[in-house]
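The residues making up each chain are set out below.
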Amino acid sequence: MGRKKELANFVYPKDNKMMKFLFCLLTAFVVFPSVAQQVAVLNSPNKGIQLSTTKNAEGQLLYQVQLKGKEIISPSSLGFVLKKPAMELKKFTVLGIDSSAVSTNWKPIWGEVKEIANQYNELVLHTSSNGILIDLIFRVFDDGVGLRYYFPVQANFQHFIVDQELTQFNMSGDHTAFWIPGDYDTNEYTYNKTKLSEIDATTAAAKEKDIAVTALMGKNVVQTPLMMKSANGFYLNIHEAALMNYPAMHLRLDQTTQTFQSMLVPDAVGNKAYLQTPFSTPWRTMVMSEKAEKILESKLILNLNEPAKFGDSTWIKPQKFMGMWWEMHIGKANWPLAGGKHGANTANVKKYIDFAAQHGFDGVLVEGWNQGWEDWFGNWKEEVFDFVSPYPDYAIDSLTQYAQSKGLRLIMHHETSGSATNYERRMDEAYQYMVSKGINTVKTGYVGKIIPRGEHHDSQWMVNHYNRVAEKAAKYHLMVDSHESVHPTGLHRTYPNWMAAEAARGSEFNNAPTLGIIPDHTTILPFTRLMGGPMDYTPGLFHMSLNQFDSTRTQKVRSTLAKQLALYVTIHSPLQMAADLPENYEAHLDAFQFIKDVAVDWDDTKVLSAEPGDYVSIACKAKNKDTWFIGSITDENARNVSLPLDFLDAGTAYEALLYRDADDADFEKNPEAYVIEKKLVSKSSNLTFRLQRGGGCAVVLKKL
Ligand code: NOJ
Ligand code: CA
């Protein structure tokens, strides 16, 4: 059970009410001109991280973070510019200080581990700025810091419009950064790795001909989650948690001072957020460690989200699915009925159901099932789909019954073509329709310009839309997988039916004509996009030349087959697709066995070794089972891997079944060459294998 107590190691000079009162008075009212005056200091529970807050001569409040004595965040200021009432909230008077320590445990409904420790020390600076009351709230965990603003209920200040948020993240050096360009409308970019001083988002975006919709924010603006590595040996990830009723945060870098400032996505008329007291902003998160592996094991972002309010969650089920999907991306079939290549016809979908059922899958996604695909793309049309009208050659009733008779379900597809207003109007009817067909999972999509016109994918209105979808779907007991949605911020704790999102460059970009997916992409995703939550990456491609049905295509999947298997462990999601075609799996049924066996819900996760842009090895223990799965992947470089298995139970032998790159495998020259081999291992073993260029290794560890 939880305990919340006043924090012993914070309040100085002494933890008693009178001293605290005096201390507050001191910090609030004594001014030392031109010298930064200390306001409060707070340590993490293990004292590894120290947060200090100061006030400068101009009256600004600054925060600063150290990790084991190393400066991680140099003094950084806070505040807002409001549009209405028009005023700046930059100078703060501290009215009082509270602190507390929290140590609780909670059990996620699904996820990487069965129990999560939520342990932090909290500091609340009650302030006023320009007559407005604002609380600045800091939580210091052993693996990082969260900060948010809270506007309490107060006289004469109820409704307000945010013009700018002025939160700074002042970097202590010219770190190496893994970044994508700031963009109001898409996060489906390739990652760039440069020094902070070398960030050039405009040039990077210009190379991205694969992306149709862009609303660039400038040369020095990047998106979060932003991953960095310092020259003096620490890793830092900046992102946000609990993004609700507020636009997404991007970061604008001042390249002379290496200081980021929050940059909020505007609405159609340039405003950022329409708010009403009481209001809490999302948390600004800084996850930090000297070890890259610890960044990936952090639960800070989840801990900063509210618990689920669902009474009954038994209807939420992690699942593996196949899809009448990739064959349209690679030109075998197509979404519209017109044109003679309609993929979602009854006979074809039946084939998918048969194959998926035979191999134990939970679902089959069908895209192109509904009327409207003849003219859906790149339009400003308000009404493209109604989400309840199947094409005449798609016998939805008999197919849903057929699927259920075989023990699986169809997964519904709702492409909105960006018209969120149309979707909002039709959501109830669409979800009732799903329920009437026994379908319990929906993949949503927002390709193209957003309607309401002028809104962006990441603006406050759309953030509220995605959250409304999750809430409404929950009322109908439906699970959601959103594509083209805003970067996740740990809201899957609050909405555990929002199983996964795309919100980054997914595997479908293997088919993109220019940059596509390069081998290091999947070694960066865990440090960036996945910090916010599970991704529907759609791994499992076995046929790497994408000219199977269209000889004009020169695109190739830049991965070995064994790496495609390993991605089921390194890219966490409770909703995992086996993306390739049944015939391509038929050709490698022995390797397909790994996809059949791999779990999608876990009791435990250990990040064994990882370096952004280079390699990632993760071990996960299947829910309620003794079986462990390991995924190990590399970038374009081959490497020898040796993984200590000390997480295994003592006193038992395990059989390790390795699906590894063949000795002559290579993502460019020989991607489909793999070897399946057994080894006998135990807790004291090191598991060794070689990853070839663009390669991977997937392992099943079973107790003997
Ligand atoms: C983009 C999605 O990411 C993809 O999975 C889908 O097939 C297309 N939109 C069509 O909706
Ligand atoms: Ca997409």
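Residues numbered from 1 in each chain as written. Chains lettered and ligands numbered in written order. Predicted model: local features only at pLDDT ≥ 70, side-chain atom pairs only at ≥ 80, totals over all residues. Heavy atoms only, no water.

Undergrad: Which parts of the structure should I look at to understand the overall build of the protein?
TA: For the protein, the helix and strand inventory stands at 13 helices and 38 strands. By the compact-globule yardstick of 27 Å for 704 residues, the protein fits well, its C-alpha radius of gyration being 26 Å. Expressed as a percentage of the 704 residues in the protein, the buried residues total 63%. Put simply, 71% of the contacts in the protein that link residues at least 6 apart link residues at least 24 apart. For the protein, the accessible surface area stands at approximately 24900 Å², while carbon and sulfur atoms represent 51% of it. (Helix = DSSP H or I, 4+ residues; strand = E, 2+ residues; numbered from the N terminus. Rg over C-alpha atoms; globule rule 2.2 N^0.38 Å. Buried < 20%, exposed > 50% of the residue type's maximum accessible area, 1.4 Å probe, protein only. Contact = heavy atoms within 4.5 Å. Areas by Shrake-Rupley, 256 points an atom, 1.4 Å probe, with all protein chains shown as cover.)

Undergrad: Before we go on, may I ask you to explain the coordination of the calcium ion (ligand 2) in this structure?
TA: A metal bound by six donors in octahedral fashion has ideal angles of 90 or 180 degrees, whereas one bound by four tetrahedral donors has an ideal angle of 109.5 degrees. Taken together, the protein ligands of the calcium ion (ligand 2) are E188 (OE), E484 (OE), E502 (OE), E502 (OE) and E508 (OE), with distances of 2.2 to 2.9 Å. In this structure, the calcium ion (ligand 2) is coordinated by six donor atoms arranged in irregular fashion, with angles at the metal of 52 to 157°. For E508, a relative accessible area of 18% corresponds to the buried category. (Donors = N, O, S within 2.8 Å, 3.2 Å for Na, K, Ca; no water. Tetrahedral: all angles 85-135°; square planar, octahedral: opposite > 155°, others 65-115°.)

Undergrad: I keep staring at empty space enclosed by the protein and nothing clicks. Help me out?
TA: To find leftover empty space, one rolls a probe the size of a water molecule over the atoms. For the structure on display, the rule yields six cavities of 30 Å³ or more. By volume, the largest cavity is sized at about 350 Å³. Contributions of two or more residues to the lining of the largest cavity are made by α3 (292-297), α4 (300-303), α11 (561-570), β31 (602-611) and β32 (615-622). No other element matches α4, which puts three residues into the lining of the largest cavity. Counted by class, the lining of the largest cavity contains 13 nonpolar, eight polar and two charged residues. Counted as a void, the second largest cavity has a volume near 120 Å³. Around the second largest cavity, the lining is made up of 16 residues, and of these P488, T489, L491, H492 and W498 lie nearest the centre. Looking at the lining of the second largest cavity, the elements that each hand over two or more residues are α9 (460-475) and β29 (498-501). Here the element with the most residues in the lining of the second largest cavity is β29; it accounts for four residues. Tallied by class, the residues present in the lining of the second largest cavity amount to 10 nonpolar, six polar and no charged. (1 Å grid on protein atoms, 1.4 Å probe; cavity = no way out; pocket = protein on both sides within 12 Å on 5 of 7 lines; lining within 4 Å. Points joined across faces, edges and corners; volume = space filled by probe spheres on them. Nonpolar A, V, L, I, M, F, W, Y, C, P; charged D, E, K, R; others polar.)

Undergrad: Would you take a moment to explain the packing of helix α8 (residues 420-436) against α9 for this structure?
TA: Running from amino to carboxyl end, α8 crosses α9 at an angle of 5°, the nearest separation of the two axes being 11 Å. Regarding the angle of α8 to α9, the classification is roughly parallel. Taking contact as the criterion, the partners of A420, T421, Y423, E424, M427, D428 and Y431 in α8 are, on α9, W461, M462, H465, R468, V469, K472 and A473. Counted by class, the contact of α8 with α9 contains eight nonpolar, two polar and four charged residues. (Axes fitted to C-alpha atoms, helices over the stretch in contact; angles between N-to-C directions. Parallel < 35°, antiparallel > 145°, perpendicular 65-115°, else oblique.)

Undergrad: Could you clarify how one ought to interpret α8 in this entry?
TA: For an α-helix, the turn length of 3.6 residues means that residues three or four places apart are oriented alike. Helix length check: α8, at 17 residues, gives a terminal C-alpha distance of 23 Å against a target of 24 Å (1.5 Å per residue), a fit within 8%. Considering bend angle alone, the principal kink of α8 is centred on R426 and spans about 55°. Within α8 the residues assigned to the buried category are A420, T421, N422, Y423, M427, A430, Y431, Y433 and M434. Where α8 is buried, its residues contact α7 (396-405), β26 (409-415), β27 (441-445) and α9. Of the residues one or two after α8, G438 is the one with positive phi, at around 70°. (Expected span 1.5 Å × (residues − 1). Bend = angle between axes of the 7 residues up to and from the residue.)

Undergrad: How should the side chain of H359 be read in this particular structure?
TA: When you line up the elements, H359 lands in the loop between α6 (346-358) and β25 (363-366). Taking relative accessible area as the criterion, H359 reaches 8% and is therefore assigned buried. What H359 contacts, discounting residues up to four positions off in sequence, is L589, F592 and K596.

Undergrad: Help me out: how do you make sense of the sheet that holds β25 in this one?
TA: Where strands meet in a sheet, backbone hydrogen bonds hold them as pairs that are either parallel or antiparallel. On the basis of which strands lie adjacent, the open sheet formed by seven strands has the order β29-β28-β27-β26-β25-β24-β30 and parallel pairing. Looking along the sheet, the strands with just one partner apiece sit at the ends: β29 and β30 (575-577). Strand-to-strand twist of the sheet, defined as the mean angle between neighbouring strand axes without regard to direction, takes the value 25°. For strand β24 (residues 319-324) and β30, the ladder comprises three bridges, and the chain directions are parallel. (Pairing = 2+ DSSP bridges.)

Undergrad: Explanation requested: the state of the cysteines in the structure shown.
TA: Where two cysteines share a covalent bond between their sulfur atoms, that bond is called a disulfide. Counted by the stated rule, this structure contains zero disulfides. Its sulfur unpaired, C620 is 14 Å from the next cysteine sulfur, which belongs to C697. Classification of C697 as buried rests on a relative accessible area of 0%. (Disulfide = S-S within 2.5 Å.)

Undergrad: Is there a simple way to think about the packing of aromatic side chains in this case?
TA: A ring pair, where both rings are aromatic, is described by two values, the distance of the centres and the angle of the planes. According to the stated counting rule, one finds 29 aromatic pairs in the structure shown. An angle of 65° between the planes, with centres 4.5 Å apart, marks the rings of F80 and Y149 as edge-to-face. With F80 in strand β6 (residues 80-84) and Y149 in strand β11 (residues 144-151), this pair connects stretches of sequence that are 69 residues apart. According to the relative accessible area criterion, F80 is buried, its value standing at 0%. Aromatic rings pair up to connect W335, W373, W376, F377, F385, F387, Y423, Y431 and Y476 into one cluster. (Phe/Tyr/Trp six-rings, centres within 6.5 Å; stacked < 30°, edge-to-face > 60°.)

Undergrad: Sorry, what's going on with the pairing of strand β37 (residues 686-691) here?
TA: Along any regular strand the residues' side chains alternate between the sheet's two faces. A one-sided burial pattern is seen for β37, the buried positions being L687, F689 and L691 and the unburied ones N686, T688 and R690. Examined bridge by bridge, strand β34 (residues 639-644) and β37 share six bridges and lie antiparallel to one another. By the bridge assignment, L643 is partnered in β37 with L687.

Undergrad: Please explain the site of ligand 1 as it appears in this structure.
TA: Residues in close proximity to ligand 1 total 13 residues, the closest being E367, E415, K443, H483 and E508. Between an oxygen atom of ligand 1 and a side-chain N or O atom of K443, the distance comes to 2.7 Å. E484 places a polar side-chain atom, nitrogen or oxygen, 3.0 Å from an oxygen atom of ligand 1. Contact with the protein chains covers 94% of the free accessible surface of ligand 1, which is 290 Å². Its atoms largely coinciding with the cavity grid, ligand 1 occupies the largest pocket. The class makeup of the residues in the shell around ligand 1 is four nonpolar, three polar and six charged. (Near = heavy atom within 4 Å. Polar contact = N/O pair within 3.5 Å; in protein donor to acceptor, adjacent residues only side chain to side chain. Sits in = over half its atoms within 2 Å of the grid points.)

Undergrad: Even after reading the chapter, I still don't get the packing of α6 against α7, so can you show me in this structure?
TA: In a pair of packed helices, the angle between the axes and the distance between the axes together describe the arrangement. One can describe the packing of α6 onto α7 by two numbers: an axis separation of 10 Å at closest approach and a directional angle of 10°. By the criterion of interaxial angle, the relationship of α6 to α7 is roughly parallel. Viewed along their axes, α6 and α7 form a crossing whose handedness is right-handed. Here T346, V349, K350, I353 and D354 of α6 come into contact with α7, specifically with L399, Y402 and A403. (Left-handed = near helix turned anticlockwise from the far one by under 90°.)

Undergrad: Looking at this structure, I do not really get the side chain of H492. What am I missing?
TA: Inspection of the secondary structure puts H492 in the loop between β28 (479-482) and β29. Not counting chain neighbours up to four residues away, the residues in contact with H492 comprise W110, L302, W498, G532, G533 and P534.

Undergrad: Please clarify how the confidence of the model for the protein should be interpreted in this entry.
TA: One rule of thumb: low pLDDT means the predicted coordinates there are not for detailed reading. Residues at a pLDDT of 70 or more form 94% of the protein, whose mean pLDDT is 94. Scored below 50 in pLDDT, residues 1-33 makes 63 contacts in the model with residues more than four places away or belonging to other chains. (pLDDT = per-residue confidence, 0-100.)

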